[in-house]
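The primary structure of each chain is shown beneath.
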Amino acid sequence: MLKFFFNGSPNPTKVALLLEELGLPYEPIPIDTRKGDQFAPDFLALNPNGKVPVLVDDADVIFDSNAILLYLAEKTGRFLPPSGGDRAQLLSWLMFVATGVGPFSGQAVHFQHFAPEQVPYAQARYSFEARRHYDVLNAHLAQRRYLVGDEYTIADMSAWGWARMIPFVLGETAWAELPHLKRHHDEIAARPAAVRAVGLKDRFAFKPEMDDEARANMFRHLKS
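For the structure given in this document, a descriptive report is provided here. Just so we're clear, the structure is a prediction, and the values are computed from it rather than from any experiment.

### Remarks on the overall build of the chain
- Scanning the chain from terminus to terminus reveals 10 helices and four strands.
- When the helices and strands of the chain are listed from N to C terminus, the series reads β-α-β-α-β-β-α-α-α-α-α-α-α-α.
- Radius of gyration (C-alpha) of the chain: 17 Å, near the 17 Å computed for a compact globule of 224 residues.
- Counting only C-alpha atoms and orienting by the principal axes, one finds that the chain spans roughly 50 × 45 × 25 Å.
- Per-residue burial over the chain gives 46% buried out of 224 residues.

### Here's the deal with the sheet that holds strand β4 (residues 60-63)
- Taking strand neighbours across the sheet as the criterion, the four strands line up as β2-β1-β3-β4 in an open arrangement whose pairing is mixed. The sheet is open, and its two edges are formed by β2 (26-30) and β4, each paired on a single side. Strand-to-strand, the axes of this sheet are offset by a mean angle of 15°, without reference to chain direction.
- Strand direction decides the pairing type here: strand β1 (residues 2-6) and β2, joined by five bridges, are parallel. Bridging from a neighbouring strand, L2 pairs with Y26 of β2.
- Taken strand by strand, helix α3 (residues 65-76) contacts β1, β3 (54-57) and β4, and its axis lies near 135° from that of β4.

### Notes on the side chain of N7
- Here N7 lies in the loop between β1 and α1 (10-22).
- Under the relative-accessibility criterion, N7 is labelled buried at 10%.
- Among the polar contacts listed, one links the side chain of N7 to the side chain of S9, at a separation of 2.6 Å.
- A polar contact is formed between the side chain of N7 and the side chain of T33, at a distance of 3.5 Å.
- If sequence neighbours within four positions are ignored, N7 has contacts with P12, T13, I31, T33, V52 and F206.

### What to know about the layout of surface pockets
- Taken as a whole, the largest pocket spans an internal volume of roughly 1,600 Å³.
- Lining the largest pocket are 45 residues, and of these S9, P10, K51, W162 and M218 sit closest to its centre.
- Counting residues per element, the ones that place at least two in the lining of the largest pocket are α1, α3, α4 (84-114), α7 (166-170) and α10 (212-218).
- Among the elements that take part in the lining of the largest pocket, α4 stands out by supplying 10 residues, more than any other.
- For the lining of the largest pocket, the class distribution of residues is 19 nonpolar, 17 polar and nine charged.

### A look at helix α9 (residues 192-199)
- Here α9 has its buried residues at A193, A194 and A197. On an axial view of α9, the arc spanned by its buried residues comes to 95°, and they lie on one face. Projecting away from the buried face of α9 at angles above 90 degrees are the exposed residues P192 and V195.
- Contact partners of the buried residues in α9: α1, α6 (154-163) and α8 (179-189).

### Brief notes about the packing of helix α5 (residues 120-141) against α8
- Where α5 contacts α8, the two axes come as close as 7 Å, and the packing angle between them is 80°. The orientation of α5 relative to α8 falls into the category roughly perpendicular. Contact residues: Y134, L137, N138 and L141 in α5; P179, H180, L181, R183 and H184 in α8.
- Residues belonging to the contact of α5 with α8 are distributed by class as follows: five nonpolar, three polar and one charged.

### Brief notes about the nonpolar core
- In terms of nonpolar packing, the biggest core is built from 54 residues, with F4, L17, Y134, L137, I154 and L181 touching the most fellow members.
- Beyond its immediate chain neighbours, meaning those up to four positions away, F4 contacts P12, V15, A16, L19, Y26, E27, P28, I29, P53, V54, L55 and L200.
- Counting residues in hydrophobic clusters, the runner-up holds seven residues, among them F5, I29, V52 and V56.

### Considering empty space enclosed by the protein
- What the rule picks out here adds up to one cavity of 30 Å³ or more.
- F4, F6, N7, G8, P12, T13, A16, R164, A197, V198, L200 and K201 are the residues that line the largest cavity.
- When residues of the lining of the largest cavity are assigned to their parent elements, the largest contribution, three residues, is made by α1.
- Considered class by class, the residues forming the lining of the largest cavity number seven nonpolar, three polar and two charged.

How each quantity is defined
- Residues numbered from 1 in each chain as written.
- Predicted model: local features only at pLDDT ≥ 70, side-chain atom pairs only at ≥ 80, totals over all residues.
- Heavy atoms only, no water.
- Helix = DSSP H or I, 4+ residues; strand = E, 2+ residues; numbered from the N terminus.
- Rg over C-alpha atoms; globule rule 2.2 N^0.38 Å.
- Buried < 20%, exposed > 50% of the residue type's maximum accessible area, 1.4 Å probe, protein only.
- Pairing = 2+ DSSP bridges.
- Axes fitted to C-alpha atoms, helices over the stretch in contact; angles between N-to-C directions.
- Contact = heavy atoms within 4.5 Å.
- Polar contact = N/O pair within 3.5 Å; in protein donor to acceptor, adjacent residues only side chain to side chain.
- 1 Å grid on protein atoms, 1.4 Å probe; cavity = no way out; pocket = protein on both sides within 12 Å on 5 of 7 lines; lining within 4 Å.
- Points joined across faces, edges and corners; volume = space filled by probe spheres on them.
- Nonpolar A, V, L, I, M, F, W, Y, C, P; charged D, E, K, R; others polar.
- Arc of directions from axis to C-beta.
- Parallel < 35°, antiparallel > 145°, perpendicular 65-115°, else oblique.
- Core = buried A, V, L, I, M, F, W, Y, C linked by side-chain atoms within 4.5 Å.

In structure tokens:
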């Protein structure tokens, strides 16, 4: 059985979505990053970067959410075009989320909600770049149902994982200015697999408080 190390943040949730869409049996193993589980030696042996998600498939260990999406899609032959132009587009959009949407959204959230001091330049910089990336997705989806071709793929799942967080990243009013991305998000969120993926975290007791312990584990540079 697959072993899936996760928490409820965007990157693990998109992998949970694919696992549920595929109907593959898997063992969910919670990693509570606010308690520092990501630094346990056994976990670092799986991912030296100390981040979720991680997937273990027999002798194969895969970390980074987009790598896991590709691995599972290729293993099962589902949710990705087999070859040609659509496959190239899928890889492009998958990496667009991996290198742009995710990192800028994460930094925008950090400087708006969790930084111990207000840094206006950082807030403006990361909020602008996060919004710019979501604008690109919104414009692309204005003319098509899904990101690649006519089929629902892992590129859509990857984008959905972060789009779920748009009110937290950009503010409650942001959805009104991103109607095509909102339509895309809502369609995926209504899928039974997405409902199960989002609910996975509720089966476990993750630490809810962002207290001194959590900040020390989440933002280790504060210790220096």
